[in-house]
Amino acid sequence: MRRIHDNGEAETLDNIQRSWDSFSEDKHKRKNIRCYESKLEQNLIRVQSELINESWKPSPYVSKTVMERKRRELAKAPIHDHVLEASAIRPYEPTLYDYIAWQCPAVRPNMGQKALLCSLRNELFGSTQEECDYYLSMDAHHYFPLMDHEILKRQISRKVKPGRLQRILYKVVDSYLQGAPLGIKISQIFGQLYLADFDRKAMRFFDIAEDQEKMAYWTRKYIEGRIVTASTREDYEDLCKGPAYLAEKFKGYAREGLRHYLRFVDNIIIRHSDKTFLGIVKVIIIMVLARDYHVVMNKDYNVRPTYTGIRIIGYVFYHDRVLLGKRNKQDLCRHVHKLRKRGKTEEEIRISQASRFGYAKHVNCINLFKSIGMERSLGKIIKNHRIKAPFEGMVAQQKLKFSSICKMLTSVNGGG
């Protein structure tokens with residue numbers, strides 16, 4: 001593994017200008033962005049000077065509390081700090097992303113949630129149901145606020161050689177009292193880098209197959225677990241084949257590693273055919289994360305059947321379909337209903353709720369769209385074109401069914 005060495009690629013004005021363009025994209029209406037742009041050339045030259053002289057010191061953060069389903073503490077930094085940090089790391093981002101396993105798609109350009117959706121969906125659709133019969137879902141407790149600075153610096157030094165870039169990253173780490181500040185781009189990269197080597201260890205099942213002492217210990221635990229949890233006919237058939245058969249089965253799992261492993265920042269999803277083996281994986285992951293990374297997992301983890309649905313990033317994944325999560329589905333229906341009551345047309349509703357419809361269109365939601373009257377089928381388009389306006393000066397979309405008019409009159413008059 002080659003480490004990154006800073007050769008001055010970040011100090012050019014062209015790199016700083018590109019970093020500014022990327023940061024300010026779709027933000028030019030904001031007052032602070034316009035103020036920074038009014039003296040853009042001077043500000044970019046200042047960024048270049050501070051990168052060369054290493055005179056930059058992170059400014060104090062402004063805390064902001066956001067309540068989106070759960071409480072989050074954000075740390076707002078000045079625009080100058082955002083531009084400088086983005087400029088310092090921009091030339092080396094591809095190398096950092098290459099170091100992070102592809103099974104961790106968060107933060108990467110053109111990946112993120114869409115890549116996780118496609119990866120998890122394709123694995124479930126492409127694998128037999130027995131191969132991914134169970135899944136283990138875990139997420140870290142306050143992942144960013146509880147990051148250990150010493151461990152984070154150790155992870156940075158594993159990939160970045162001593163030099164200007166490493167010193168800038170260390171300054172960002174030390175600028176926050178505890179953990180990593182949420183709200184800046186570098187923190188998102190820290191979130192992936194912090195557990196980058198853990199991901200590879202987990203996919204190799206922590207190299208237990210190469211350690212005879214560990215292998216013997218966990219093989220014994222696996223056999224005991226199979227005996228205790230046996231409940232189906234297949235379980236009893238395996239037990240009748242004897243401990244040697246179960247030991248060989250576990251050794252095969254250990255040599256194979258965790259083929260169906262995914263991590264999205266602080267969420268870990270593992271699929272496997274053997275429930276007892278996933279229980280051992282759960283124990284080892286909790287132990288390794290707490291011991292080596294000081295990461296504590298939330299207590300709601302458990303091994304569950306995949307047919308009940310894997311819930312992550314607002315979707316529910318099954319072996320043969322993907323559906324929208326309950327909250328996202330309710331939010332979409334609620335907003336469509338409110339806008340329709342205000343007299344908005346279908347196209348106006350679609351434009352207003354474009355983000356929600358865009359989030360839902362990637363999954364099997366045609367019946368949901370039909371139930372709220374927002375599907376875009378060819379038959380519906382042809383039918384709308386054939387509708388004629390009932391009176392002069394009206395448009396076809398204003399035409400209502402007679403039953404709908406009766407319902408409206410009944411509700412106005414207070415009838416039953």
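Just so you know, these numbers come straight off a predicted model, no measurement behind them.

1. Some points on the overall build of the protein
(1) Moving on: The helix and strand tally for the protein stands at 20 helices and nine strands.
(2) Moving on: A compact globule built from 416 residues would reach a C-alpha radius of gyration of about 22 Å, whereas the protein, at 27 Å, exceeds it by more than 25%.
(3) Moving on: Across the protein, every contact between residues at least 6 apart in sequence was considered, and the portion connecting residues at least 24 apart equals 71%.
(4) Moving on: In the structure as shown, the protein presents an accessible area of about 24,000 Å², 52% of it carried by carbon and sulfur atoms.
(5) Moving on: Put simply, the protein has 73 plus and 49 minus side-chain charges, and the middle of one group is 7 Å from the middle of the other.

2. Here we look at the nonpolar core
(1) Moving on: Of all hydrophobic cores here, the largest spans 110 residues; its most connected members are Phe 198 and Phe 205.
(2) Moving on: Tallying contributions element by element places helix H14 (residues 275-292) first for this core, with eight residues.
(3) Moving on: Once residues within four sequence positions are removed from consideration, Phe 205 is found in contact with Phe 250, Ala 254, Gly 257, Phe 277, Ile 280, Val 281 and Ile 284.

3. Re the sheet that holds strand S5 (residues 267-272)
(1) Moving on: Ordered by their spatial adjacency, four strands build an open sheet running S4-S5-S3-S6, and the pairing between neighbours is antiparallel. Strand pairing shows two members of the sheet lacking a second neighbour, strand S4 (260-264) and strand S6 (302-305), which therefore form its edges. With direction set aside, neighbouring strand axes in the sheet form an average angle of 20°.
(2) Moving on: Sitting on the sheet, helix H10 (residues 196-203) touches S4 and S5, and the angle it makes with S4 is about 165°.
(3) Moving on: Sitting on the sheet, H14 touches strand S3 (134-139), S5 and S6, and the angle it makes with S3 is about 15°.

4. Some points on the sheet that holds strand S9 (residues 322-324)
(1) Moving on: Taken in spatial order, the three strands make up an open sheet running S7-S8-S9, and their pairing is antiparallel. Taken across any chain shown, the strands that pair with only one partner, and hence form the sheet edges, are strand S7 (310-312) and S9. Averaged over all pairs of adjacent strands, the angle between their axes in this sheet comes to 25°, without regard to strand direction.
(2) Moving on: The pairing of strand S8 (residues 315-317) with S9 spans three bridges and is antiparallel. Bridging from a neighbouring strand, Val 316 pairs with Leu 323 of S9.

5. Details of H10
(1) Moving on: Among the eight residues of H10, six are classified as buried, and the element is accordingly described as predominantly covered.
(2) Moving on: Here H10 has its buried residues at Ala 196, Asp 197, Phe 198, Asp 199, Ala 202 and Met 203.

6. Quick look at the packing of aromatic side chains
Each aromatic ring pair is specified by the distance between its two centres and by the angle formed by the two planes.
(1) Moving on: Applying the stated rule across the entire model yields 18 aromatic pairs.
(2) Moving on: Summarising the aromatic geometry, the rings of Phe 198 and Tyr 293 are spaced 5.9 Å apart at their centres and angled 80° between planes, so their arrangement reads as edge-to-face. Of this pair, Phe 198 sits in helix H10 while Tyr 293 sits in the loop between H14 and S6, placing them 95 residues apart in sequence. Comparing Phe 198 with Tyr 293, the two get one shared label, buried.
(3) Moving on: Taking the centre distance of 5.7 Å and the plane angle of 55° together, the rings of Phe 357 and Phe 369 count as tilted.

7. Notes on the packing of helix H4 (residues 79-89) against helix H8 (residues 164-174)
(1) Moving on: Following both chains from N to C, one finds H4 and H8 inclined at 140°, their axes separated by 10 Å at the closest point. For the element pair H4 and H8, the recorded crossing hand is left-handed. Packed against H4, whose contacting residues are Glu 85, Ala 88 and Ile 89, the element H8 presents Leu 165, Ile 168, Leu 169 and Val 172 at the interface.
(2) Moving on: Split into classes, the residues belonging to the contact of H4 with H8 amount to six nonpolar, no polar and one charged.

8. Looking at the pattern of salt bridges
(1) Moving on: The final tally for this structure, using the stated rule, is 22 salt bridges.
(2) Moving on: Across the salt bridge formed by Arg 204 and Asp 207, the nearest N and O atoms sit 2.9 Å from each other.
(3) Moving on: Where salt bridges share partners, they join Arg 226, Asp 235, Asp 238, Lys 249 and Asp 274 into one cluster.

9. A word on the pairing of S5
(1) Moving on: Within S5, five of the six residues are buried, which leaves it mostly tucked inside the rest of the structure.
(2) Moving on: Bridge count between S4 and S5: five bridges; the pairing is antiparallel. Its bridge partner being in S5, Phe 264 is matched across the sheet by Asn 267.
(3) Moving on: Hairpin remark: S4 followed by S5, antiparallel, with two residues in the connecting loop; positive phi at Val 265, about 60°.

10. Observations regarding the environment of Lys 114
(1) Moving on: By secondary structure assignment, the location of Lys 114 is in helix H6 (residues 112-126).
(2) Moving on: For the pair Lys 114 and Gln 192, spaced 78 residues apart in sequence, the C-alpha separation works out to 17 Å.

11. Considering unusual backbone geometry
Glycine aside, the phi torsion of most residues is negative, and most peptide linkages are trans.
(1) Moving on: Despite not being glycine, Phe 205 has its phi angle at roughly 55°, a positive value.
(2) Moving on: Residue position: Phe 205 is located in the loop between H10 and helix H11 (212-229).
(3) Moving on: Phi is positive for Ile 313, close to 45°, though the residue is something other than glycine.
(4) Moving on: Looking at where Ile 313 falls in the secondary structure, it is placed in the loop between S7 and S8.

12. Considering the confidence of the model for the protein
(1) Moving on: Residues of the protein with pLDDT of at least 70 account for 92%, and the chain-wide mean is 87.
(2) Moving on: Highest mean pLDDT in the protein belongs to H14 (95); lowest belongs to helix H19 (residues 378-386) (57).

13. Quick notes on the packing of helix H3 (residues 40-53) against H4
Angle between the axes and distance between the axes are the two parameters that describe a pair of packed helices.
(1) Moving on: Across the interface, H3 lies against H4 with an axial gap of 10 Å and an inter-helix angle of 55°. In terms of orientation, H3 and H4 fall into the oblique class. For the pair H3 and H4, the crossing hand works out as right-handed. Residues Leu 44, Arg 46, Val 47, Glu 50 and Leu 51 of H3 touch H4, and the partners they reach there are His 80, Val 83, Leu 84, Ser 87 and Ala 88.
(2) Moving on: Residue composition of the contact of H3 with H4, grouped by class: six nonpolar, two polar and two charged.

Conventions we followed
- Residues numbered from 1 in each chain as written.
- Predicted model: local features only at pLDDT ≥ 70, side-chain atom pairs only at ≥ 80, totals over all residues.
- Heavy atoms only, no water.
- Helix = DSSP H or I, 4+ residues; strand = E, 2+ residues; numbered from the N terminus.
- Rg over C-alpha atoms; globule rule 2.2 N^0.38 Å.
- Contact = heavy atoms within 4.5 Å.
- Areas by Shrake-Rupley, 256 points an atom, 1.4 Å probe, with all protein chains shown as cover.
- Lys, Arg positive; Asp, Glu negative; His and termini not counted.
- Charge placed at Lys NZ, Arg CZ, Asp CG, Glu CD.
- Core = buried A, V, L, I, M, F, W, Y, C linked by side-chain atoms within 4.5 Å.
- Buried < 20%, exposed > 50% of the residue type's maximum accessible area, 1.4 Å probe, protein only.
- Pairing = 2+ DSSP bridges.
- Axes fitted to C-alpha atoms, helices over the stretch in contact; angles between N-to-C directions.
- Phe/Tyr/Trp six-rings, centres within 6.5 Å; stacked < 30°, edge-to-face > 60°.
- Left-handed = near helix turned anticlockwise from the far one by under 90°.
- Nonpolar A, V, L, I, M, F, W, Y, C, P; charged D, E, K, R; others polar.
- Salt bridge = Lys/Arg side-chain N within 4 Å of Asp/Glu carboxyl O.
- pLDDT = per-residue confidence, 0-100.
- Parallel < 35°, antiparallel > 145°, perpendicular 65-115°, else oblique.

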